[in-house]
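Report on the structure
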Amino acid sequence: ISAIASQVVRKVARKGYDFCVMVVGESGLGKSTLIDTLFSSREYSDQLNETLTGNQCIERTLQITPRSIEVTERNTHMRLTIIDTPGFSDAVDNDHCWEPIVEHIDSAFMRFLADERGLDRSNINDTRVHCCLYFINPIGHGLRPVDVVTMTALHKKVNVIPVIAKADTLTKAELKTLKQAIRTDLDAYGIETFVPTVDDHDPTPSSAELAEAMPLALVGCNATVEIGGRSLRGRVYPWGVVEVDNKSHCDFLLLREMLIQTHTQDLKDITTEVLYENWRRSKLAQDPQLGSPQRGSESLNASRDQEQFLADSEAELLRRHEAMKRDLEEQQRKLEETKRQIEEERKRMEGLRTLHKEV
């Protein structure tokens with residue numbers, strides 16, 4: 001029995017792993033920089049920071065853009081999908097600015113439900129959002145109204161992980177006060193966020209540390225600096241250096257460990273067993289036929305009917321083509337006959353004129 005775990009590990013390593021992360025927040029809070037720092041890949045950042053025209057920049061702020069990258073670590077491949085929501089809540093009028101995000105999550109659920117009802121379920125592409133990193137502006141005294149409304153609309157559909165962006169702009173005392181204010185707001189408005197479960201049999205001691213550190217304070221940086229003969233990722237300020245990979249400076253390592261080491265499967269399980277199932281039950285209550293097994297045969301019959309309709313239409317078009325071809329040939333034959341009669345009449349008239357001149 002103890003060998004089952006190793007079998008599962010080999011299977012996942014061979015098949016690969018699908019994981020989908022959504023980042024939500026204002027422009028300029030370092031969303032793409034943090035993703036680049038998390039997964040040590042320049043591909044996402046390079047695509048996001050490409051040179052754009054003014055019109056493209058405006059369009060970019062209005063569209064939800066999914067991008068996929070391959071992350072490999074110790075022969076294990078993760079197909080990571082990053083869904084960016086650039087420019088969120090940056091407009092003058094932010095009414096219903098969260099609705100495209102909710103619609104995207106619902107559409108992913110609907111695609112997965114349709115794939116489950118399909119004939120071939122062996123290779124279902126799981127595009128459901130397993131985790132949403134919600135970036136909170138460090139300049140504030142807690143959650144803003146738009147944050148409250150947006151997280152209220154999201155927390156029943158996706159694992160929301162609130163993070164404080166650019167935590168290096170705050171002192172430790174200010175950061176502690178802001179974290180407490182955010183926790184108070186979350187409790188007051190009944191917003192459920194992802195909190196690692198802590199139990200006595202948990203082999204990862206980071207769960208208690210994660211639960212205590214929520215919301216996570218993050219610092220993203222792609223550059224490396226030389227400090228005391230050591231090469232490290234961080235930001236250099238006149239008063240010192242902020243190290244990204246130092247737990248005493250920020251919670252970046254806690255987030256990285258949670259997403260791709262200790263709680264990846266927990267996020268997927270909650271998405272599948274709780275969030276998706278609740279959404280699915282709600283949809284089936286509204287339309288019971290969505291879960292009917294006859295839907296598959298109905299879909300197959302509809303497909304066959306459509307194929308038969310196309311075949312009949314093609315046969316009808318071919319019949320009409322042949323009929324038009326025969327009509328055209330008949331018209332051409334009549335035209336040739338008319339031309340022959342006119343030519344004979346012309347020759348007869350010329351013969352009569354010649355005879356009249358001789359007389």
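About the criteria used
Residues numbered from 1 in each chain as written. Predicted model: local features only at pLDDT ≥ 70, side-chain atom pairs only at ≥ 80, totals over all residues. Heavy atoms only, no water. Helix = DSSP H or I, 4+ residues; strand = E, 2+ residues; numbered from the N terminus. Buried < 20%, exposed > 50% of the residue type's maximum accessible area, 1.4 Å probe, protein only. Areas by Shrake-Rupley, 256 points an atom, 1.4 Å probe, with all protein chains shown as cover. pLDDT = per-residue confidence, 0-100. Contact = heavy atoms within 4.5 Å. Pairing = 2+ DSSP bridges. Axes fitted to C-alpha atoms, helices over the stretch in contact; angles between N-to-C directions. Expected span 1.5 Å × (residues − 1). Salt bridge = Lys/Arg side-chain N within 4 Å of Asp/Glu carboxyl O. Parallel < 35°, antiparallel > 145°, perpendicular 65-115°, else oblique. Nonpolar A, V, L, I, M, F, W, Y, C, P; charged D, E, K, R; others polar. Phe/Tyr/Trp six-rings, centres within 6.5 Å; stacked < 30°, edge-to-face > 60°. Core = buried A, V, L, I, M, F, W, Y, C linked by side-chain atoms within 4.5 Å. Right-handed = clockwise from strand over helix to strand, strands pointing away.

Regarding the overall build of the protein chain
Scanning the protein chain for helices and strands turns up 11 helices and 9 strands. Counting the 359 residues in the protein chain, one finds 35% classified as buried. About 22,100 Å² of surface is accessible on the protein chain, with carbon and sulfur atoms providing 53% of the total.

Structural notes on the confidence of the model for the protein chain
Per-residue confidence for the protein chain averages 79 on the pLDDT scale, and 81% of its residues sit at or above 70. Mean pLDDT values over the elements of the protein chain span from 42, in helix 4 (residues 54–60), up to 94, in strand 5 (residues 160–164). Scored below 50 in pLDDT, residues 42–61 makes 23 contacts in the model with residues more than four places away or belonging to other chains.

Structural notes on the sheet that holds strand 6 (residues 216–217)
The strands making up a sheet are joined through hydrogen bonds of the backbone, oriented either antiparallel or parallel. Pairing within the open sheet is mixed, and its 6 strands lie in the order 2-3-1-4-5-6. Of all strands in the sheet, those with a lone pairing partner are strand 2 (65–73) and strand 6, marking the two edges. Where strand 1 (residues 17–24) lies against strand 4 (residues 131–136), 4 bridges are found, and the strand directions are parallel. When the sheet's bridge partners are listed, V21 is paired in strand 4 with C131. Of the strands in this sheet, strand 4, strand 5 and strand 6 are in contact with helix 7 (residues 172–188), which crosses strand 5 at around 150°.

What about helix 5 (residues 99–116)?
In this model helix 5 runs 26 Å from its N-terminal to its C-terminal C-alpha over 18 residues, within 8% of the 26 Å that 1.5 Å per residue would give. Residues I101, V102, H104, I105, A108, F109, F112 and L113 constitute the buried set of helix 5. Lining the buried residues of helix 5 we find strand 1, strand 3 (76–85), helix 6 (145–154) and helix 10 (264–286).

So, the environment of G16
Along the polypeptide, G16 turns up in the loop between helix 1 (4–15) and strand 1. Taking the C-alpha atoms as reference points, G16 and H77, separated by 61 residues in sequence, lie 5.0 Å from one another. Once residues within four sequence positions are removed from consideration, G16 is found in contact with H77 and R79.

Structural notes on the pattern of salt bridges
Taken as a whole, this structure holds 17 salt bridges when the rule is applied. Taking the shortest distance from any N to any O, the salt bridge between K157 and D106 comes out at 3.1 Å. Highlighted residues: K157 in the loop between helix 6 and strand 5 and D106 in helix 5, separated in sequence by 51 residues. Looking at D106, the relative accessible area reads 22%, which means it is partly exposed. The network of salt bridges with common partners includes E209, K247 and E257.

Quick notes on helix 6
Listed as buried for helix 6 are V146, D147, V148, T150, M151 and L154. On its buried face, helix 6 sits against helix 5, strand 4, strand 5 and helix 7.

Some points on the packing of helix 5 against helix 10
Packing of helix 5 against helix 10 leaves a shortest axis separation of 11 Å and a crossing angle of 80°. On the basis of the axis angle, helix 5 is roughly perpendicular to helix 10. Seen from helix 5, the contacting residues are D106, F109, M110, F112, L113 and E116; seen from helix 10, they are L275, Y276, W279, R280 and K283. Class assignment for the residues of the contact of helix 5 with helix 10 results in 7 nonpolar, no polar and 4 charged.

Some details on the packing of aromatic side chains
Tallied over the entire structure, the rule returns 5 aromatic pairs. Summarising the aromatic geometry, the rings of F112 and Y276 are spaced 5.3 Å apart at their centres and angled 85° between planes, so their arrangement reads as edge-to-face. Of this pair, F112 sits in helix 5 while Y276 is found in helix 10, placing the two residues 164 residues apart along the sequence. Comparing F112 with Y276, the two get one shared label, buried. Ring centres 4.9 Å apart and planes at 5° place the aromatic pair Y237 and W239 in the stacked group. By relative accessible area, W239 is classed as exposed at 69%. Clustering of aromatic rings is evident, with ring pairs tying together F109, F112, Y276 and W279.

A closer look at the nonpolar core
Soluble, globular proteins show a tendency: their nonpolar side chains are buried together. Of all hydrophobic cores here, the largest spans 71 residues; its most connected members are L133, I161, L216, L255 and L259. Top contributing element to this core by residue count: strand 1, with 7 residues. Residues within four places of L133 in sequence aside, it is in contact with V21, M22, V23, V24, I161, L255 and L259.

Side note on the pairing of strand 5
Burial runs high along strand 5: 5 of the 5 residues are buried. Along strand 5, one buried face is formed by V160, P162 and I164 and the opposite face, lined by I161 and V163, is buried too. The pairing of strand 4 with strand 5 spans 5 bridges and is classified as parallel. Note that in strand 5 the partner of I136 across the bridge is I164. Note that the unit made of strand 4, helix 6 and strand 5 has a crossover that is right-handed. As defined by bridge partners, strand 5 adjoins strand 6 across 2 bridges and the pair is classed as parallel. When the bridges of strand 6 are listed, V163 appears paired with L216.

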